[in-house]
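Geometric and topological summary
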Amino acid sequence: MKRQLTKILDLAEVRVKSQKILDSNLILEVEKTEKTASCPRCSKVSRRLHQNHWSLIKDLPWGKKEIFLRVNRRQFKCQKCASPFSEELDFVEKRQRYTKRYALSITEQVVKSDLLNVAKQNNLTESEVQSMINQVAKMVFPLNLKGLKRLGIDEITLVKGQGKFVVVLVNLDTGKLIGVISEKKSTKIEKVLKSWGEEILKQIEEVSMDLCKQYKNIAEKLCPQAVITADRFHVTKILHEELNQGRIEQKKTAEALEVQARAKLFSTIKGTKYILLKREENLSKESKEKLSSLKEASASLQIKHELKEEFTRIFDQSKNLIEGTLNLADWLVKASAFLPKTVRTIKNWFAEIVGYFEKKTNNGMVEGINNRLKVLKRCAFGFKNFDNFATRALLHWHLPNSLA
Ligand SMILES: [Zn+2]
């Protein structure tokens, strides 16, 4: 029986000595199989038992049964130092009342749901759950960023309407969140990057970002060797905004027309925003018809739309840096009279934007991360403590399989 319980318990270094059921919980008395321990000061192996130290440690439940381990953390006396020391136990940290694997399991539940629920379901207090999360965090952080080569910087608003941005750092090769900063202050962002250490910063080959001067300055300062690339998604967004603005202006000019003509133009323009912005090849037959009557009604929208389609083709099809650069330069000449704002932005960020043709880096995954963060925020109890939120968010992407 004891041997079978030891097997089921599956903690490599201990064996079950006895078992008992108390208030429908199972209590297993366990002890390390090893008869000796080495002194943490002089590392001399000692077998002289000094004292027994029993404590009750909560472990993973077995079905609905709660499991407690009655653990003896033995104290030995070192013959060399002549002072006592406690033995190490891999599965539980000193002074903790639960096993590492139990803390990990609770943390896994919290990053998928919310703290309050997890506490309730597991018969724990909120502060117990928080302390388990902290314990796991202590073992996971600082994150191992050794393989980091392509860094993405982006921002999102987590609290709608407050205009407050949270800065999101992503490893673009693994698609994992590697940093989240409570505000868009350069000093704060730099502090996080510097905390990664010189070695990590030096190995970064590319930093991909939206069209933000501030991020560019930070990247140039801290990762001077890295190529800065502008994220394609953000360039396209600016183009789309200007194209849609053109649509809205067409509506305004319609107001000057006489009643019948106005009504006709209005109905042609109405509800065409997404038809105009979406890739033409992905439109339904009905939408395509709507698009062609819109283009018939407005010569300027026709040109702008065709420029937008060409822009997409350039980014989809250019095979290398030279081809892409030449195509984009041509496009800028054609577009300058029709999409002046987009053209100006692209000129300002030309080197970073054509960097795309070389690296083909696309921050598409960042959007997925941002969406996940919004969900996590809703679950983060209160969201008053940003550090707790950040810890939980990072753990979501970096929880290990085990803590042994
Ligand atoms: Zn010693």
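Going by the structure above, here's the rest.
Residues numbered from 1 in each chain as written. Predicted model: local features only at pLDDT ≥ 70, side-chain atom pairs only at ≥ 80, totals over all residues. Heavy atoms only, no water.

**A few points about the coordination of the zinc ion**
Note the threshold: Metal donors: N, O and S atoms at distances within 2.8 Å, or within 3.2 Å for Na, K and Ca, with water omitted from the atom set so that some sites may seem incomplete. Between 85 and 135 degrees for all angles marks four donors as tetrahedral; over 155 degrees for opposite donors together with 65 to 115 for all other angles marks four donors as square planar and six as octahedral; every other arrangement is irregular. We count a stretch as a helix when DSSP gives it H or I for four or more residues in a row; a strand needs E for two or more, and each element gets its number in order from the N terminus. Exposure is judged per residue with a 1.4 Å probe applied to protein chains only, and the accessible area is read against the type maximum: over 50% gives exposed, under 20% gives buried, and values in between give partly exposed.
Coordination of the zinc ion by the protein comes from Cys39 (SG), Cys42 (SG), Cys78 (SG) and Cys81 (SG), over a distance range of 2.2 to 2.4 Å. In this structure, the zinc ion is coordinated by four donor atoms arranged in tetrahedral fashion, with angles at the metal of 99 to 117°. All donors to the zinc ion come from one chain, and their sequence spacing reads C-x2-C-x35-C-x2-C. With Cys42 in the loop between strand E3 (37-38) and strand E4 (45-46) and Cys78 in the loop between strand E8 (75-77) and strand E9 (84-86), this pair connects stretches of sequence that are 36 residues apart. Residue Cys42 is classed as partly exposed on the basis of its relative accessible area of 22%.

**Quick notes on the pairing of strand E11 (residues 165-171)**
The two faces of a sheet get side chains in turn, since along a regular strand they alternate between them. The criterion, for reference: The criterion for strand pairing is that DSSP finds at least two bridges linking the strands in question.
Burial within E11 is extensive, with six of its seven residues counted as buried. As paired strands, strand E10 (residues 150-157) and E11 are joined by seven bridges and run antiparallel to one another. Its bridge partner lying in E11, Ile156 is registered against Val166. Adjacent in sequence and paired antiparallel, E11 and strand E12 (residues 176-181) are bridged by four residues, among which Gly175 carries a positive phi angle near 70°.

**Some details on the pairing of strand E6 (residues 54-62)**
Strand direction decides the pairing type here: E6 and strand E7 (residues 65-72), joined by seven bridges, are antiparallel. Among the inter-strand pairings, Asp59 is bridged to a residue of E7, identified as Ile67. Counted along the chain from E6 to the antiparallel partner E7, the turn is two residues long, and its residue Gly63 has a positive phi close to 60°.

**Some words on the nonpolar core**
Our working definition: As used here, the term nonpolar core means buried Ala, Val, Leu, Ile, Met, Phe, Trp, Tyr and Cys residues forming a set that is joined through side-chain atoms within 4.5 Å. Note on definitions: a residue-residue contact is assigned when non-hydrogen atoms from the two residues lie within 4.5 Å.
Judged by nonpolar contacts, the single largest core of 62 residues is most densely connected at Leu151, Leu169, Leu177, Leu193, Trp196, Ile204 and Leu373. When residues in this core are grouped by element, the largest group, seven residues, is from helix H17 (residues 386-398). If we skip the residues at most four places from it in the chain, Ile204 touches Leu148, Lys149, Leu151, Trp196, Cys223, Gln225 and Ala226. Grouped together as the second largest cluster of nonpolar side chains are 19 residues, Leu328, Trp331, Ala335 and Leu339 included.

**As for the sheet that holds strand E5 (residues 49-51)**
In plain terms, the rule: Axis lines are fitted to C-alpha atoms, over the contacting stretch for helices. Their N-to-C directions set the angle, which ranges from 0 to 180 degrees.
Reading across the sheet, the three strands line up as E5-E8-E9 and stay open at both edges, with antiparallel pairing between neighbours. Of all strands in the sheet, those with a lone pairing partner are E5 and E9, marking the two edges. Each strand of the sheet is rotated relative to its neighbour by a mean of 40°, with strand direction disregarded. As judged from the two bridges shared by E5 and E8, these two strands associate in the antiparallel manner. Note on E8: the bridge partner recorded for Leu49 is Phe76.

In short, shape yes, function no, at least from these values alone.
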